[in-house]
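Structural description and commentary
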Amino acid sequence: MSSSSSTPSQPHVPGIHPDRTPDGEPERLATGAIRAAEDRAEAGSELPAELRADVRLLGELLGRVLAEAGGDELLADVERLRALTISAFNGGPTAFDEAEALVESFTLERADEVARAFTCYFHLVNLAEEHHRVRVLRRRDTQIAPQEDTIARAMATLTREVGEAPATARARALRFHPVFTAHPTEARRRAVSSTIRRISAILDECDGALTGPVAVGHRRRLLEQIDTLWRTAPLRAEKPEPLDEVRTVMAVFDETLFTVVPQVYRRLDEELQGGDSGRAAPLARSFIRVGSWIGGDRDGNPFVTAKVTREAAAIAAEHVLRGLERAASRIGRTLTLAADTTPLDAEATALLGGMSALDEAAAGEIAQRSPGEPHRVLLLLIARRIEATRTRNADLAYRDAAELLGELRILQASLHRAGAARHAFGELQHLIWQVETFGFHLTELEVRQHSQVHRAVLAELAQGEASTDLAREVLEVFRAIAFVQHRHGPRAAGRYIVSFTQSAADLAAVYRLAEHAAAGAGRGPELTVIPLFETFADLQAAPRILAEMLEIPEVAQRLARGDRRLEVMLGYSDSSKDVGPVAATLALYEAQEQIAAWARANAIELTLFHGRGGALGRGGGPANVAILAQPPHSVDGRFKLTEQGEVIFARYGDPEIARRHIEQVASATLLASAPGVEERNASAAREFAPMAQAMDAASRARFFELVHAPGFAPWFATVTPMEEIGLLALGSRPARRGLSVESLEDLRAIPWVFAWTQARVNLTGWFGLGAALEAIGDVDRLRTAYARWPLFRTMIDNVAMSLAKTDARIARRYLALGDRDELAQLVMDEMALTRLWVTTITGGTELLDDKPVLQRAVKMRSPYVDALSLMQLRALRGLRGVSAQEGPEASAARLRRLLLLTVNGVAAGLQNTG
């Protein structure tokens, strides 16, 4: 919350402390540490007691670690800065200046330590909030009444509107397709994330057990891990390579997705057939498919080569085959069903005989350990074949996942015929769902390349053979796709996304390049070419380009064969950087509306692929809410989106949160095509079309006034840590397209968003909305739109969240780093105007008054983020040469390290990067 607007009391987490900590250290070592929050005066907005206890516990332990590692002096400095920023947040007239002076008085070594302490605090507070969220989700699961945003509630609504049979049919046709990307927006090191997960696991073990002998052991283990967190270098020494990024995201599969996915299917099946789920053939189908750009996205990343793509597919296959092997072995060991009570049927008997002949030694050993338990023997032999597939034992390996599915279904049918229906449709069905979802490839690896690259290579090939490294590499990519399809199955690869698609010729170019690559090299890959419309102009041209796309021979042939499926990708980042967040939001809605109408007119089964980032300036925000604001027929039971950087671990890092996220998206995807939702969105779009046009024009004019001002790009690079962010080893992809930033076109969308977030301006999430709302000027009309127009409501709510994380007092100090007072004033005026209109429309006195949980989280963090921002400003002033106060020790390298440490801390505190 901006410290320049209202001045609410800083939240306090009251708690009961013993006079002395367990080892006898004075209590001041604990209470002097950074605490999660202080007293909150507002009624009804206190932290839940259990969250308060967790935060207090972790705060105490962090205080002890800081005192042990850095002495009382470090703890005192941390406490002094904490107290001053809290006082400043609460409106203390001199506290902000005193805090700034304190930061300036620190040696760079002390500033480094204090920045790390505040960053550790944010990691622990984030962990505590996530832990509490999991706690709440588990309790909700025990409630009888359907909760909001659940599949049960969505099915009830659909059944009421369209009838039971059509609702069931829609549920069986549901499709959710998250695509993981390696966009460099995860600021935490893997080592830091691993330590946080260990702390979380210990916290889960000691939930509610904070006293007695057991608590002493929990505290000891927590202290050890928090000490590890403090001592672990927070900055990566080197940028990760693409395969490092592949291995990082595999943790999500190993620890959550593999087990969560069948749980989601089971919940849907229980909704479809109640108590019969688990004893009858499932009605729920496997509706999740997981994609990945990690190791496939080479747009602007020269380190992603054809060799990397092959290896990325191999790593994913290794992980899924290990997962399937373990699951089959685990379930097989439980099938201790005697032959006299549960005999094999004829088909399963023949299968077992064939498998035993194929692997005689193993079959004999397993049979000896499983006497008279033929179903157990059969599934354990299937597990052996999965292992053979992973180790590439040609004699035993499966040809493909379809062969494995066939054998599992033979086993399932035999169990069912023998009367063991619960075994047939229980855990074994979970394994079948896993094979259907993940195959032998785990993720469907997607390739992305820029249309300009294709044009350049085709021009070169028109002159003869591929003579440059670029041309040879581009052609090798198509051979890599063919290799991956042959080795891991046709679903393992094949989608090819064309960035900055500007004509149908850009799509046809992919097929022509594939032909060149296949010449003399055998059969080429099976391709699904996907246009990516990113800029405002490209979004407007999308229907025309798609109509021309149908005339491409390869596309026409596929349509003639009856395959009417088509994917279209929409880019949120560049369109927002192109015309501003308001105009981009409206343009994206209009584009979806037109593309959906075009698809219906041409009998196309359309899937819109949403290229959303984590931050609001890149299409972020709650996915389920965004789905329900989409145009009619633009979803139709299918939703595909990118999950990027820190978002992957926030949504899929914990099993309970992952299951909840998937269920929220699935339920929204079902509801989006409900007649009531479609009519509501269509009528609102018609009713408020004039308002949308006025907002578009006014917001775009204000945005262009800023970004088209002479010298804007260099000024932006001066007043934010944009240049330094490029030094963070976040990902393998370069942060910008050229060597310098002379225009916005030189800059990628992620650092554009990331830099404004760090400067506490968050400009990319809201700039232009104030001017747009001012142009309308009618409060009653705007409040009516907020109540009845879902797209507008989503926009306003997202901007409220973005603005709540800004701080006008700190933002002014960043903007003052550049010698452009008129640009700084333009930004601050628009911020104040937007804040005024948003609070007026939502009816509160403060931002997020209608979302107390989110408001509490933001307020709890703000003073501590302020402390880090002040240290970042000190580093930036030193690096920009603005401050003459730095002594001889203030080398550029030391200042740069301090700045990068604070970037990590602010990202953790705001829970946003790019």
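Values in this document were obtained by computation on a predicted structure and should not be read as measured data.

Cut-offs applied
- Residues numbered from 1 in each chain as written.
- Predicted model: local features only at pLDDT ≥ 70, side-chain atom pairs only at ≥ 80, totals over all residues.
- Heavy atoms only, no water.
- Helix = DSSP H or I, 4+ residues; strand = E, 2+ residues; numbered from the N terminus.
- Buried < 20%, exposed > 50% of the residue type's maximum accessible area, 1.4 Å probe, protein only.
- Contact = heavy atoms within 4.5 Å.
- Areas by Shrake-Rupley, 256 points an atom, 1.4 Å probe, with all protein chains shown as cover.
- Pairing = 2+ DSSP bridges.
- Axes fitted to C-alpha atoms, helices over the stretch in contact; angles between N-to-C directions.
- Parallel < 35°, antiparallel > 145°, perpendicular 65-115°, else oblique.
- Nonpolar A, V, L, I, M, F, W, Y, C, P; charged D, E, K, R; others polar.
- Expected span 1.5 Å × (residues − 1).
- Phe/Tyr/Trp six-rings, centres within 6.5 Å; stacked < 30°, edge-to-face > 60°.
- Lys NZ or Arg CZ within 6 Å of the ring centre and 35° of its normal.
- Left-handed = near helix turned anticlockwise from the far one by under 90°.
- 1 Å grid on protein atoms, 1.4 Å probe; cavity = no way out; pocket = protein on both sides within 12 Å on 5 of 7 lines; lining within 4 Å.
- Points joined across faces, edges and corners; volume = space filled by probe spheres on them.
- Core = buried A, V, L, I, M, F, W, Y, C linked by side-chain atoms within 4.5 Å.
- Salt bridge = Lys/Arg side-chain N within 4 Å of Asp/Glu carboxyl O.
- pLDDT = per-residue confidence, 0-100.

A look at the overall build of the protein
- When its secondary structure is counted, the protein shows 39 helices and eight strands.
- Expressed as a percentage of the 914 residues in the protein, the buried residues total 62%.
- For the protein, contacts bridging at least 24 residues in sequence account for 82% of all contacts bridging at least 6.
- Accessible surface for the protein amounts to roughly 34,200 Å². Of this, 51% is attributable to carbon and sulfur atoms.

Thoughts on the sheet that holds strand E6 (residues 565–571)
- Pairing in this closed barrel of eight strands is parallel, and the strands run E1-E2-E3-E4-E5-E6-E7-E8 around the ring.
- Pairing between E6 and strand E7 (residues 605–611): seven bridges, direction parallel. Note on E7: the bridge partner recorded for Gly571 is Gly611.
- Strand contacts of helix H18 (residues 469–488): strand E3 (444–450) and strand E4 (493–499), with the helix running at about 150 degrees to E4, the strand carrying the most contacts.

As for the packing of helix H5 (residues 151–162) against helix H26 (residues 655–672)
- Two elements in contact, H5 and H26, have axes separated by 8 Å at closest approach and are oriented at 10 degrees. The angle between H5 and H26 falls in the class roughly parallel. Where H5 abuts H26, its residues Ile151, Ala154, Met155, Thr157 and Leu158 lie against Glu663, Ala666, Ser667, Leu670 and Leu671.
- Taken together, the residues of the contact of H5 with H26 break down into seven nonpolar, two polar and one charged.

Examining helix H37 (residues 821–842)
- For H37, which comprises 22 residues, the first-to-last C-alpha distance of 32 Å matches the rise-based estimate of 32 Å (1.5 Å per residue) to within 8%.
- With its phi angle positive at about 85 degrees, Gly843 sits one or two positions after the end of H37.

Quick notes on the packing of aromatic side chains
- Inspection of the entire model under this criterion finds 23 aromatic pairs.
- Between Tyr265 and Trp433, the ring centres sit 5.5 Å apart and the planes meet at 70 degrees, which makes this aromatic pair edge-to-face. Separated by 168 residues along the polypeptide, Tyr265 in helix H9 (residues 242–273) and Trp433 in helix H16 (residues 427–438) bring together distant segments of the chain.
- Taking the relative accessible area as the measure of exposure, Tyr265 reaches 0% and is therefore buried.
- Ring centres of Tyr398 and Phe440 lie 6.4 Å apart, and the angle between their planes is 45 degrees; on these two criteria the pair is classed as tilted. One end of the pair, Tyr398, is in the loop between helix H13 (374–391) and helix H14 (401–417); the other, Phe440, is in the loop between H16 and E3, and 42 residues separate them in sequence. In this pair, the class of Tyr398 matches that of Phe440, namely buried.
- Sitting over the ring of Phe483, Arg310 keeps its end group 5.4 Å from the ring centre.
- Its guanidinium or amino end placed over the ring of Tyr786, Arg793 lies 4.1 Å from that ring's centre, counting from NZ or CZ.

So, the packing of helix H29 (residues 712–719) against helix H31 (residues 749–758)
- The interhelical angle for the contact between H29 and H31, taken along N-to-C directions, is 50 degrees, at an axis separation of 10 Å. Compared by their axis directions, H29 and H31 come out oblique. Note on packing geometry: the crossing formed by H29 with H31 is left-handed. Each of Phe712, Trp715, Phe716 and Val719 in H29 lies in contact with H31, whose residues at this interface are Pro751, Trp752, Ala755 and Trp756.
- Considering only residue class, the contact of H29 with H31 consists of eight nonpolar, no polar and no charged.

Side note on the layout of surface pockets
- If you add up the space inside the second largest pocket, you get close to 1,200 Å³.
- If you go around the second largest pocket, you meet 40 residues; those closest to its centre are Arg495, Thr528, Arg558, Asp563 and Arg565.
- Counting residues per element, the ones that place at least two in the lining of the second largest pocket are strand E1 (175–181), E3, E4, helix H19 (504–518), helix H21 (553–560), E6 and E7.
- Taken together, the residues of the lining of the second largest pocket sort by class into 14 nonpolar, eight polar and 18 charged.

Considering the nonpolar core
- Judged by nonpolar contacts, the single largest core of 152 residues is most densely connected at Leu379 and Leu431.
- When residues of this core are assigned to their parent elements, the largest contribution, 14 residues, is made by H9.
- Ignoring sequence-local partners within four residues, the contact set of Leu379 consists of Ala328, Ile331, Gly332, Leu335, Leu408, Leu411, Leu428 and Leu431.
- In terms of nonpolar packing, the next biggest core, distinct from the first, is built from 132 residues, Tyr589, Phe716, Phe767 and Leu873 among them.

Things to note about unusual backbone geometry
- The phi torsion at Phe500 lies on the positive side, around 50 degrees, for a residue other than glycine.
- Along the chain, Phe500 turns up in the loop between E4 and H19.
- At Arg760, a residue that is not glycine, the phi angle is positive and equals roughly 60 degrees.
- As for its position among the elements, Arg760 is in the loop between H31 and helix H32 (763–766).

Let's talk about the pattern of salt bridges
- The full count for this structure, using the stated rule, is 67 salt bridges.
- Across the salt bridge formed by Arg82 and Glu79, the nearest N and O atoms sit 2.6 Å from each other. Of the two residues, Arg82 and Glu79 are both situated in helix H2 (residues 49–89); the distance of three residues between them amounts to about one turn of the helix.
- The salt bridge involving Asp506 is made with Arg455; its shortest N-O contact spans 3.0 Å.

Notes on the confidence of the model for the protein
- In this model, the protein carries an average pLDDT of 88, and 89% of its residues clear a pLDDT of 70 or more.
- Low pLDDT, under 50, characterises residues 1–45; the stretch is placed with 126 contacts to residues that sit more than four places away or in other chains.

Thoughts on the pairing of E7
- The buried fraction of E7 is high, at six of seven residues.
- When E7 meets strand E8 (residues 638–644), the two strands line up parallel, connected through two bridges. The residue bridging His610 from the neighbouring strand is Leu641, located in E8.

What to know about the pairing of E8
- In terms of burial, E8 is a largely internal element, seven of the seven residues being buried.
- Side chains of E8 alternate between two faces, with Arg638, Lys640, Thr642 and Gln644 and Phe639, Leu641 and Glu643 buried alike.
- Sheet topology places E1 next to E8; seven bridges connect them, and they run parallel. Bridging from a neighbouring strand, Phe180 pairs with Glu643 of E8.

Looking at H14
- For H14, built from 17 residues, the straight-helix expectation of 24 Å at 1.5 Å per residue is met to within 8% by its first-to-last C-alpha distance of 24 Å.
- Those residues of H14 not exposed but buried are Ala401, Glu403, Leu404, Leu405, Glu407, Leu408, Ile410, Leu411, Gln412, Ser414 and Leu415.
- Contacts made by the buried residues of H14 are with helix H11 (346–358), H13, helix H15 (421–424) and H16.
- Gly419 lies just past H14 and shows a positive phi near 90 degrees.

Remarks on the environment of Leu854
- With respect to the secondary-structure elements, Leu854 resides in helix H38 (residues 852–880).
- Separated by 53 residues in the primary sequence, Leu854 and Met801 have C-alpha atoms spaced 8.2 Å apart.
- In contact with Leu854, not counting residues within four places along its chain, are Met801 and Leu848.

A closer look at the side chain of Glu444
- Looking at the secondary structure, you find Glu444 in strand E3.
- The exposure class of Glu444 is buried, given its relative accessible area of 6%.
- When neighbours within four sequence positions are excluded, Glu444 is seen to be in contact with His177, Arg289, Val290, Gly291, Ser292, Arg491, Ala492 and Arg495.

Points about the environment of Leu910
- When you line up the elements, Leu910 lands in helix H39 (residues 892–910).
- When the C-alpha positions of Leu910 and Val858 are compared, they lie 7.7 Å apart, and in sequence the two are 52 residues distant.
- Ignoring anything within four residues of it in the chain, the contact list for Leu910 reads Thr757, Arg760, Lys805 and Val865.

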